[in-house]
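Each chain, written out:
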Amino acid sequence: MYHITTEKEPGVISGVQTSENGPIEWCTELPETCQLSLGLRKLVTPLLAGLLEVDPQRMWNFERFFQEVTMILSRKVAHVFYVNRVQPLTIYMDPKHRYEELQYLICEQTDMNPANQLILYDNKHLYDLVDSEQPASSYPSTTQRTPLALFSKQDDDISLTLPETPAAKFGSFPALVSVEHDAAVGKSMCSAGHAIKRKIDYFSKCVHLTEYSVVMFIEVMIQELTKLQNRMGHVQSLTSAVSDRFSQLVANHRRFLMLTQMCGGNQESTTQPLRERLEDLVNNKVDAEKSVRDSLCSIVPVVNQLHERVVSGRQLSRQWQQGGNDVNAVERAPNKAATYVTKLRESWQHLLRDRAARTLTFNDEQFHLLEKMKMKETAKCLETLLAAVTATLHHTTDTLADWCKVAKVQRVQLEIEETDVQKHEALLISFQATLSDTEERYHQTLSELLAAIKDKKLQDDPILQAEMQDSGKNKQNEQGDSTKHKDSQKSKKEDINKAKVKLSLQEMCEAQEHVMKLLEENGKIIKSFQRLAVLSDSATTSGK
């Protein structure tokens, strides 16, 4: 021991010598059979190396030792169940760690890239429960029975990862009574019984946590699909409102063209460019509006089918239940194992008392044989229980492997549909913005067209032009010379021309008033659609 402690290199925490004066096997890490979790081993190993240091320059003092121990005790413990390896993990986080550091610590123990980590807790994604900058000290508390569930987004392979433990094998009692040998064998059987109990506890916990993680994954999928379905409802309403808004613009455009024809020729060279501009403004949006409707039509059936399968049809739940996992029976196994180990210890204690007595009477010898038989039967019960739990764990792992393949397909499809909905929303927002610009330019062009028609009407009709120019003078003449005007006689041709002028003015004014009324109604409709779009956007944001 002196040679081992004085000759070892810095950082070495163990040295094994299997033969006298033989070679020493040095090691800087704890053995795989260590009962400590991998996360705690990483913290304890430097502590042991510091305590076993022989170099005075490297040797730890009490202050350094207590500082390190206090640091370990202050860590935030996060229990994690790695589903793809059916392996419980323990993560020790610094209280100031953030979500990114948690992912890095998980990556250290699983070699899983943070981008591929799907971490669930309390039927939600962990990133929905904690902020990216929130310290680990305020994270929700986890236990070995309610840990974080860790799935791999990329890998759907399932492999059972069991800890390395020493082989647990029960010894056998000799046929003859030997109090010394029987006590030693009884102690060995108790040790093996505890080792088997630890395996049963671990296997039972793995079966329970597998069921726990699968149920949580299914619940999260149902919640996300329900949110996506509600989100699609808002998107459909908004898309319908925008399509109706565009349809109203097209209908008004046709009515405007008919009304403007009443005010002037349809092929006038001065107004033809304005008419063509109106046509282009409307026609250029036809394809864009169709692409928005086509985008929605391609998404809605897929989302509805996925919702029908996973939420209404409970496909993932039925797939898991078809495996026929007897979780309830395994849940009782740790209590049975604890009872068996207690019986082993009680029988061993009886053998110890017999060893202390040295000599046994005939009756005591019979009781001694009875305790040996009881230990043998209890050992068989433990081995049978371990075999049953082991078989259940392997069956559960096989069922999990089949289930994960189906679950991955559904999850990937959900992510694809969420991306498609986001793209459709972006397309819809872009179309809304350009439609508003088109409506504004359309109204401006229509006003220019009406003004051009009016000017053209005045230029083509000299009587109407003279009437408009002399309207002020005629009004004054009518007031000053009313008597003379009444007595004046005009020709029949002039009366007919005046009637035509008045009729033409009246028709143009009525048409222009009707067009302006339609423009006002269209503006009100546009405002109502805009208010509906704002409400739909706010509802979609709250749904997210």
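Above this note sits the structure.
No experiment lies behind these values; they were computed from the predicted model shown. Throughout this description, residue numbers start from 1 for each chain and increase along the sequence as written. Since the coordinates come from a predicted model, pLDDT governs what is reported: local features require at least 70, and pairs of side-chain atoms require 80 or more to be given and counted, while whole-chain, interface and lining totals use all residues. Here the side-chain values reflect all heavy atoms present in the structure, with hydrogen atoms and water set aside.

S.K.: Would you mind going over the side chain of T142 with me for this structure?
M.R.: By definition, any uninterrupted DSSP run of H or I lasting at least four residues is a helix, any uninterrupted run of E lasting at least two residues is a strand, and each is numbered from the N terminus. On the secondary structure map, T142 appears in the loop between α5 (126-129) and β7 (148-152). Separated by 2.9 Å, the side chain of T142 and the backbone nitrogen of H79 make a polar contact. Excluding anything up to four places from it in sequence, T142 contacts V77, A78, H79, Y121, P147 and L148. N or O atoms within 3.5 Å of each other form a polar contact, as long as, within protein, one can give a hydrogen and the other can take it, and as long as residues adjacent in sequence are counted only when both atoms are side-chain atoms. Residues count as neighbours in contact if any of their non-hydrogen atoms are within 4.5 Å of one another.

S.K.: What should I look at first to understand the nonpolar core in this one?
M.R.: Among buried residues, those of type Ala, Val, Leu, Ile, Met, Phe, Trp, Tyr and Cys that are joined through side-chain atoms within 4.5 Å constitute a nonpolar core. Type-normalised accessible area, obtained with a 1.4 Å probe on protein chains alone, sets the label of each residue: buried when under 20%, exposed when over 50%, and partly exposed for intermediate values. Formed by 83 residues in total, the largest nonpolar core has its most connected members in I200, F217, L400 and W403. No other element matches helix α6 (residues 179-263), which puts 23 residues into this core. Residues contacting L400, with those up to four places away along its chain left out, are V83, V86, I158, T210, V214 and W320. Counting 19 residues, the second-largest nonpolar core is a separate cluster that includes V250, F256, L428 and A452.

S.K.: Can you help me understand the layout of surface pockets in this one?
M.R.: The probe, sized like a water molecule, is rolled over the atoms to show the empty space still left. Taken as a whole, the largest pocket encloses approximately 1,100 Å³ of empty space. Surrounding the largest pocket, 42 residues form its lining, C34, Q35, L36, P163 and Y202 being those nearest its centre. For the lining of the largest pocket, the secondary structure elements donating two or more residues are α2 (38-51), β3 (76-82), β4 (87-93) and α6. Here the lining of the largest pocket takes 11 residues from α6, the largest share from any one element. Within this model, the second largest pocket holds a volume of roughly 660 Å³. Using only the protein atoms, space was sampled on a 1 Å grid; points where a 1.4 Å probe fits but cannot get out form cavities, open sets with protein on both sides within 12 Å along at least five of seven lines form pockets, and lining residues are those with an atom within 4 Å of a point. Lining the second largest pocket are 29 residues, and of these H125, Y127, D128, E224 and E418 sit closest to its centre. Listing elements by their share of the lining of the second largest pocket, those giving two or more residues are α4 (99-110), β5 (117-121), β6 (124-125), α5, α6 and α12 (362-460). Grid points are joined across faces, edges and corners, and a volume is the space filled by probe spheres set on the points.

S.K.: I tried to follow the environment of K423 on my own but got confused; where do I start?
M.R.: Residue position: K423 is located in helix α12. The spacing of K423 and S295 is 128 residues in sequence and 9.0 Å in space, taken between C-alpha atoms.

S.K.: Could you clarify how one ought to interpret the environment of L48 in this entry?
M.R.: Structurally, the position occupied by L48 is in helix α2. According to the relative accessible area criterion, L48 is partly exposed, its value standing at 27%. The sequence separation of L48 and L30 amounts to 18 residues, and the corresponding C-alpha distance is 9.7 Å. Among residues more than four places away in sequence, those in contact with L48 are I13 and L30.

S.K.: I keep staring at empty space enclosed by the protein and nothing clicks. Help me out?
M.R.: Throughout the structure, instances matching the rule amount to three cavities of 30 Å³ or more. Roughly 100 Å³ of volume is contained in the largest cavity. In terms of lining residues, the largest cavity is bounded by N84, F151, S152, D155, D156, F217, W403, C404, A407, K408 and R411. Of all the secondary structure elements, the ones that give two or more residues to the lining of the largest cavity are β7 and α12. Looking at which element gives the most residues to the lining of the largest cavity, the answer is α12, with five residues. Gly is placed with the polar residues, together with every amino acid not listed as nonpolar (Ala, Val, Leu, Ile, Met, Phe, Trp, Tyr, Cys and Pro) or charged (Asp, Glu, Lys and Arg). Tallied by class, residues from the lining of the largest cavity come to five nonpolar, two polar and four charged.

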